[in-house]
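An overview of the molecular structure
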Amino acid sequence: GRGRPVPVLIYLEPARLEMPDRESSISALRRSIENGVANGMRASVEYASLITGTKYISLDYYADVEPQTVGSLLEYTTIPTVETGLDQLQQKMASMLDMFSELPLDDTIANANATLANLNQTLYSLNGILSDGETQNLPQELETTLGDLRTVLDSVSPGSELYRGLDSSLLRLNRALGNLEALTNTLSQQPNAVLLPAKSSPDPQPEARK
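Let me begin by describing the structure that accompanies this report. (Residues numbered from 1 in each chain as written. Predicted model: local features only at pLDDT ≥ 70, side-chain atom pairs only at ≥ 80, totals over all residues. Heavy atoms only, no water.)

Details of the overall build of the protein
Broken down by element type, the protein carries five helices and four strands. From first element to last, N terminus to C terminus, the protein shows the α and β order α-β-β-β-β-α-α-α-α. In the protein, which comprises 210 residues, the share counted as buried stands at 9%. Sequence-distant contacts in the protein: of pairs separated by 6 or more residues, those separated by 24 or more amount to 33%. Carbon and sulfur atoms form 57% of the exposed surface of the protein, whose accessible area is close to 18400 Å². (Helix = DSSP H or I, 4+ residues; strand = E, 2+ residues; numbered from the N terminus. Buried < 20%, exposed > 50% of the residue type's maximum accessible area, 1.4 Å probe, protein only. Contact = heavy atoms within 4.5 Å. Areas by Shrake-Rupley, 256 points an atom, 1.4 Å probe, with all protein chains shown as cover.)

Written as structure tokens, this is what we have:
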């Protein structure tokens, strides 16, 4: 269970909050604390360092706390508190441990072992494939195939005899197609151009005597 609360005495100096050091500032600071507590302001003891154990008092606003007011202890005003960050961390760690304890770790380990066994079998099969003689001959066969492909590509390269012959044939074909297009245009305009000249020569005109 929880132990008895331990009171912590803190001093709030108005001058450190850029307020004048007089009685009116103390009254204004007291009213500010009362309003803050009513709106969720709480105090907590926080750890500045878990290594050295240094602590400090934190004043902050919390949205999920029950409504409270300032209290009194002896002649001092008290501010409601919340659990410290370390306490919340301990609760989270406890919840995580409970969650881990409920996990089916035995089934998970068994599944992991089965997966590793399947992986070992796969690696063994792969090792057998790589050590097979036919598999080892694949690089040489691939190199031979690439060499044949290179020879074919060289035979149709721009400087090859086959390329020059093909280029010459394409040139002649283009010329023939041009002539055929011209003939087609002529026949479309003059269907009898095959039998008669495309253009008739003008009749000779005799010259008159002077």
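Focus on the nonpolar core
Ranked by size, the top nonpolar core spans six residues in total: L29, I33, V37, M41, A43 and I79. Counting residues per element, the ones that place at least two in this core are α1 (23-38) and β1 (41-47). No other element matches the three residues that α1 contributes to this core. V37 has contacts with R42, Q68, T69, V70, I79 and P80, leaving out every residue within four places of it along the chain. (Core = buried A, V, L, I, M, F, W, Y, C linked by side-chain atoms within 4.5 Å.)

Some words on unusual backbone geometry
Here the phi dihedral of E18 falls at roughly 60 degrees; this positive angle occurs in a residue that is not glycine. In this fold, E18 is placed in the segment before α1. Here the phi dihedral of L74 falls at roughly 55 degrees; this positive angle occurs in a residue that is not glycine. Its place among the elements puts L74 in the loop between β3 (71-73) and β4 (76-78). Classification of L74 as exposed rests on a relative accessible area of 76%.

Remarks on the pattern of salt bridges
Following the criterion strictly, the structure yields one salt bridge and no others. A salt bridge links E13 to R16, with the shortest nitrogen-to-oxygen separation between them at 2.9 Å. When its relative accessible area of 41% is taken as the criterion, E13 is described as partly exposed. (Salt bridge = Lys/Arg side-chain N within 4 Å of Asp/Glu carboxyl O.)

Thoughts on the pairing of β1
Successive residues of a regular strand alternate their side chains across the two faces of the sheet. Counted residue by residue, β1 has five buried out of seven residues, so it is predominantly covered. Relative to strand β2 (residues 55-61), β1 is paired through seven bridges, and the arrangement is antiparallel. In the sheet register, V45 faces β2, and the bridge partner there is I57. (Pairing = 2+ DSSP bridges.)

What to know about the environment of Y61
Mapped onto the fold, Y61 is located in strand β2. Once the C-alpha coordinates of Y61 and R42 are considered, the two residues, 19 residues apart in sequence, prove to be 6.2 Å apart. Those residues in contact with Y61, other than ones at most four positions away along the chain, are G36, N39, G40 and M41.

Considerations on the side chain of R42
By the element assignment, R42 lies in strand β1. Here R42 occupies a buried position and makes no salt bridge, while the nearest side chain of opposite charge, E66, is found at 7.9 Å. Separated by 2.7 Å, the side chain of R42 and the backbone oxygen of E66 make a polar contact. (Lys, Arg positive; Asp, Glu negative; His and termini not counted. Polar contact = N/O pair within 3.5 Å; in protein donor to acceptor, adjacent residues only side chain to side chain.)

With respect to the side chain of S25
For S25, the location among the structural elements is in helix α1. Apart from residues lying up to four places away in sequence, S25 is in contact with P14, M19 and P20.

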